[in-house]
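Summary of the model geometry
Take a look at the letters that make up each chain.
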Amino acid sequence: MLAILAALAIGSIIPIQTAANSRLRLSVGGFPVVSALISFTVAFLVSVIATAILVGHPVPDFAAAVREPWWVWSGGALGVMFVMGNILLFPRIGAVATVVLPILGQVVMGLTIDQFGLFRAPRLDVGLGRILGAIVVVVGIALVVGVGKQGAVVSGSWAWRAVGVGIGMASAAQTTINGHLGTVAGSSLHAAEINLAVGALLLFAIALVTSPRQLVTRPEPGPWWMWSGGVIGAIFVAGGATLAPVLGTATTVIGINAGTIAGGQVIESMGWFGAKRLRVDPLRAVGLVLIFAGVVAVRTL
């Protein structure tokens, strides 16, 4: 139960990361790749410091990691794919679909990983109860984000919708891969270091091609919390790598997503971090109840 609560807690701070990175984007001239690069770089530095303090040495066991399959190094690339995918999807399929479709992909991939033990994850049977629980979570999320309401109709081509599901699947795979990498690199914190370093290098390469001038431009001043995205990113990557071997991929990603939705609702209802203040209506309240019921069902059935 404590592990589930940890997944919910990690998810609950993700909306703060989203708000921070969005605000940071304004301070770097509106370039999303540059704000993502800063976030990844800060996350990497935080991860190194945390590993040095908590584990005693910040250097991963590269010799052991090199002997593993090639895919253990792909977590950072999958993380960048998720970040950049959301940037591309938002103007093409709308906010609602950008939220729901990746979550659908995460749930499907999480259950698949558990059932077949992909990426050397512990094999967990996926019975009818867990599938129904996952469906309940997706329905609850749909209610919370307003699917079916006026202005919330999914637009765009089926190809872009498939991309939304695909980046969600990549995110679930990232969680599992980092969990396995943690067992060979020394700890989940060491796995997070590798993951974030790879992601930062990829984003740096993308920024060199798309916005090189902005790399040498000093960010405009802004609120202190716009720099917190990297710290939260480090917590997310290390937390996911720690929880996946314990809970299974499906329960981990569903628990984190449930926490994200709930945390987002709290931030919106309070108007924190620059969010427009919105009250929780009855339909959203029902959706939140369904989300938490589904998380419990996926874990216990």
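Residues numbered from 1 in each chain as written. Predicted model: local features only at pLDDT ≥ 70, side-chain atom pairs only at ≥ 80, totals over all residues. Heavy atoms only, no water.

**Quick notes on the overall build of the protein**
Within the protein one finds 12 helices and 0 strands. When the elements of the protein are put in sequence order from the N terminus, they spell out α-α-α-α-α-α-α-α-α-α-α-α. Within the protein, the fraction of its 301 residues that count as buried is 50%. Excluding contacts between residues fewer than 6 apart, the proportion of contacts in the protein whose partners are at least 24 apart in sequence is 80%. (Helix = DSSP H or I, 4+ residues; strand = E, 2+ residues; numbered from the N terminus. Buried < 20%, exposed > 50% of the residue type's maximum accessible area, 1.4 Å probe, protein only. Contact = heavy atoms within 4.5 Å.)

**What to know about the packing of helix 8 (residues 158–185) against helix 10 (residues 229–247)**
When two helices pack together, their arrangement is captured by the angle between the axes and the distance separating the axes. The geometry of helix 8 relative to helix 10 is characterised by a closest axis approach of 7 Å and an angle of 80 degrees between their N-to-C directions. Taken together, the axis directions place helix 8 and helix 10 in an arrangement best described as roughly perpendicular. Only Val237, Gly240, Ala241, Ala244 and Pro245 of helix 10 make contact with helix 8, whose side of the interface consists of Thr175, Asn178 and Gly179. Residues that form the contact of helix 8 with helix 10 fall into these classes: 4 nonpolar, 4 polar and no charged. (Axes fitted to C-alpha atoms, helices over the stretch in contact; angles between N-to-C directions. Parallel < 35°, antiparallel > 145°, perpendicular 65-115°, else oblique. Nonpolar A, V, L, I, M, F, W, Y, C, P; charged D, E, K, R; others polar.)

**A short note on the side chain of Thr51**
Mapping Thr51 onto the fold places it in helix 3 (residues 32–54). The buried category is assigned to Thr51, whose relative accessible area is 0%. In this structure Thr51 touches Gly56, His57, Pro58, Leu189, His190 and Glu193, once residues within four positions along its chain are discounted.

**Topic: the packing of helix 3 against helix 10**
At a closest axis distance of 7 Å, the pairing of helix 3 and helix 10 adopts a crossing angle of 60 degrees. Comparing the axis directions of helix 3 and helix 10 gives the class oblique. Handedness of the crossing formed by helix 3 with helix 10: right-handed. Packed against helix 3, whose contacting residues are Ser39, Val42, Ala43, Val46 and Ser47, the element helix 10 presents Gly229, Gly230, Val231, Gly233 and Ala234 at the interface. In the contact of helix 3 with helix 10, the residues fall into 5 nonpolar, 5 polar and no charged. (Left-handed = near helix turned anticlockwise from the far one by under 90°.)

**Observations regarding the environment of Phe82**
Within the fold, Phe82 resides in helix 5 (residues 75–93). Sequence separation between Phe82 and Ala170 is 88 residues, and the spatial gap between their C-alpha atoms is 7.1 Å. Every residue in contact with Phe82, bar those within four places of it in the chain, is listed here: Pro102, Gln106, Ile167, Gly168 and Ser171.

**Remarks on the pattern of salt bridges**
Tallying each qualifying case throughout the model produces 2 salt bridges. Residue Arg120 pairs with Glu68 through a salt bridge whose shortest N-O separation is 2.8 Å. Here the residue Arg120 occupies a position in the loop between helix 6 (95–116) and helix 7 (128–145), and Glu68 occupies one in the loop between helix 4 (62–66) and helix 5, the gap between them amounting to 52 residues. Owing to a relative accessible area of 16%, Glu68 belongs among the buried residues under this scheme. Among the ionic pairs, Asp125 bridges to Arg123, the shortest N-O distance being 2.7 Å. Taken individually, Asp125 and Arg123 each receive the classification exposed, so the pair is uniform in this respect. (Salt bridge = Lys/Arg side-chain N within 4 Å of Asp/Glu carboxyl O.)

**Thoughts on the confidence of the model for the protein**
A residue-level look at the protein finds 90% of positions with pLDDT of 70 or above and a mean pLDDT of 82. When pLDDT is averaged over each element of the protein, helix 9 (residues 188–210) comes out on top at 92 and helix 12 (residues 282–300) at the bottom at 74. Long-range and interchain partners of residues 150–155, a stretch whose pLDDT sits below 50, account for 9 contacts in this model, where long-range means more than four residues apart. (pLDDT = per-residue confidence, 0-100.)

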